[in-house]
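One-letter residues, chain by chain:
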Amino acid sequence: MLKDYNRSIGEILLTNGSRIKLFSADKPDRFRGPQHHGAWCDELAAYRYEDAWNQLQFGLRLGNHPRVFISTTPRPTKLIRALTGRDDGSVVVTRGSTFDNAANLAASALADLKIRYEGTRLGRQELYGEIIDEVDGALWTLTLIEENRATESPQLVRIVVAIDPATTSGEDSDETGIVVAGITADGHYYVLEDLTCRESPDTWARVAVNAYKKHKADRIIGETNNGGDMIESLLRQVDPTISYRKVTATRGKIIRAEPVASIYEQHRAHHVGTLAKLEDQMCNYTADAGFSPDRLDALVWAMTDLMEGASSMMGLAALAQFCGNCGMPAPKSATVCPNCYQTLEKGPE
């Protein structure tokens, strides 16, 4: 029975003396030190940092048989495959479908899910708990993304925030894709955040501008096929000083995405942490897919903008160094940034 719940310190006390500690998987370092008899990991396949799982293992050392209960959609990540692939009896896999819980769910919602996703790969994963491998016709695979995943980004010489706006707002509307990405001086791309949301235009504009400021981005990119000049107007109502560029789609989504996919194939594109919903969309979208890839569209616009300036950036990098504080170039011989006057950190020669 529950005795006390302290939300501020993330702790639940039971009347039998047991103590339950709550942790965020987005903060792996908080797992260092605490010891446990057992753990419950919810949505392990969507953990942004695998190190959260690794650090938890070091603390599972109390009692006679410390164990972990994992409840998750079985995305085919490296960690999920490693766990389900064990044949030593240390892992027991139990599968269930959304419809096993029909007694506790709205009949209308279940009917809608069946109509929209029955027989699709996404439905097999999300509704029936299957581990789905590569999708025929998709430009990306989760294996490819996993091979190039990063825990943090190096110094980036250019960062952009890209927006693929929804035309309407409401529970049934498309999401507004918002993705933050950057490029290094040697032409490697890092996807930093997926901030896609289903919000009002005023709200998603604030989300984009906040990301622009947080990452000290160079520009916000907005697709104007649907929003027109409204996007820039909304953004400038939040902050009139932003740097903004509008783009217009003149080719199909797959054609626009192919050059970006080639960067991944060259192992020059890296996701910082796990961006589960974006990655699912990347690996499931095909030319005949029946959904709007808002997150993927935003990613493609961000990467395309970075690719357009990549050659000049790499040429400039050969002649200059970039300030880690403001991102502006400085002579190779300089020790202080001429723009922000911060001390320049010399990288490896």
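Residues numbered from 1 in each chain as written. Predicted model: local features only at pLDDT ≥ 70, side-chain atom pairs only at ≥ 80, totals over all residues. Heavy atoms only, no water.

On to the overall build of the protein. Scanning the protein for helices and strands turns up 12 helices and 13 strands. Taken along the three principal axes of its C-alpha coordinates, the protein extends 65 × 50 × 40 Å. Residues classed as buried in the protein amount to 42% of the 349 residues present. Intrachain contacts of the protein at a sequence separation of at least 6 include 60% that bridge at least 24 residues. Working note: accessible area of the protein is about 19,400 Å², and carbon and sulfur atoms make up 49% of it. (Helix = DSSP H or I, 4+ residues; strand = E, 2+ residues; numbered from the N terminus. Buried < 20%, exposed > 50% of the residue type's maximum accessible area, 1.4 Å probe, protein only. Contact = heavy atoms within 4.5 Å. Areas by Shrake-Rupley, 256 points an atom, 1.4 Å probe, with all protein chains shown as cover.)

Turning next to the sheet that holds strand S2 (residues 11-14). Spatial ordering of the open sheet is given by S1-S2-S3, a layout of 3 strands whose pairing is antiparallel. Because the sheet does not close on itself, it has two edges, and the strands there are strand S1 (2-6) and strand S3 (19-21). Taken pair by pair, the neighbouring strands of this sheet meet at an average axis angle of 15°, ignoring direction. Relative to S3, S2 is paired through 3 bridges, and the arrangement is antiparallel. Looking across to S3, one finds that Glu11 is bridged to Lys21. (Pairing = 2+ DSSP bridges. Axes fitted to C-alpha atoms, helices over the stretch in contact; angles between N-to-C directions.)

Attention shifts here to the sheet that holds strand S9 (residues 219-223). A sheet is described by the order of its strands in space; here 6 strands give the open sequence S10-S9-S6-S7-S8-S11, paired in mixed fashion. Two strands close off the open sheet at either side, each with one partner strand: strand S10 (244-247) and strand S11 (269-271). The sheet shows a mean angle of 25° between the axes of neighbouring strands, direction not considered. Note: strand S8 (residues 189-194) against S11, 3 bridges, orientation parallel. By the bridge assignment, Val191 is partnered in S11 with His271. Sheet strands touched by helix H11 (residues 294-308): strand S6 (158-164), strand S7 (177-183), S8, S9, S10 and S11. Its angle to S7, the strand with the most contacts, is close to 30°.

Counted by the stated rule, this structure contains 21 salt bridges. Notably, a salt bridge pairs Asp305 with Arg219, separated by 3.3 Å at the nearest N-O pair. Here Asp305 is found in helix H11, whereas its partner Arg219 is found in strand S9, with 86 residues between them in sequence. Taking the relative accessible area as the measure of exposure, Asp305 reaches 4% and is therefore buried. A residue is classified by how much of its surface remains accessible, and Arg219, at 24% relative accessible area, is partly exposed. In this structure, Arg245 and Glu308 form a salt bridge, with 3.0 Å as the shortest nitrogen-oxygen distance. Placement of the pair is Arg245 in strand S10 and Glu308 in helix H11, with a sequence separation of 63 residues. On the accessibility criterion, Arg245 (28% relative accessible area) is partly exposed. When its relative accessible area of 52% is taken as the criterion, Glu308 is described as exposed. (Salt bridge = Lys/Arg side-chain N within 4 Å of Asp/Glu carboxyl O.)

Let's shift gears to the nonpolar core. Nonpolar side chains in soluble globular proteins generally cluster together in the buried interior. Grouped together as the largest cluster of nonpolar side chains are 35 residues, with contacts concentrated most on Trp140, Val191, Tyr264, Met282, Leu296, Leu299 and Met303. Secondary-structure elements contributing two or more residues to this core are helix H5 (142-147), S6, S7, S8, helix H9 (253-265), helix H10 (276-284) and H11. Every residue in contact with Met282, bar those within four places of it in the chain, is listed here: Ala138, Trp140, Ile145, Tyr264, His271, Leu296 and Leu299. With 24 residues, the next largest nonpolar core counts Trp204, Ala208, Ala217 and Ile231 among its residues. (Core = buried A, V, L, I, M, F, W, Y, C linked by side-chain atoms within 4.5 Å.)

Another point: the pairing of strand S4 (residues 38-42). Residues Ala39 and Cys41 point to one face of S4 and are all buried, whereas Gly38, Trp40 and Asp42, pointing to the other face, are not buried. The pairing of S4 with strand S5 (residues 67-71) spans 5 bridges and is parallel. Each bridged residue has a counterpart across the sheet, and for Gly38 the counterpart in S5 is Arg67. One crossover worth recording links S4 to the parallel S5 by way of helix H1 (residues 51-59), and it is right-handed. (Right-handed = clockwise from strand over helix to strand, strands pointing away.)

If you trace the backbone, Gly222 turns up in strand S9. Remark: the alpha-carbon pair of Gly222 and Val247, spanning 25 residues in sequence, is separated by 6.0 Å. Sequence-distant contacts of Gly222, that is, excluding residues within four places in its chain, are made with Ile163, Ile231, Tyr244, Arg245, Lys246 and Val247.

Further remarks concern helix H6 (residues 201-214). Taking 1.5 Å of rise per residue, 14 residues should cover 20 Å, and H6 covers 20 Å from first to last C-alpha, within 8% of that figure. Burial in H6 covers these residues: Trp204, Ala205, Ala208, Val209, Ala211 and Tyr212. The arc enclosing the buried residues of H6, seen along the axis, measures out at 155°, which places them on a common side. Buried residues belonging to H6 abut S6, S7, S9 and helix H8 (230-238). Trailing H6 by a residue or two, Lys216 shows a phi angle of about 50°, which is positive. (Expected span 1.5 Å × (residues − 1). Arc of directions from axis to C-beta.)

None of this, on its own, says anything about what the molecule does.
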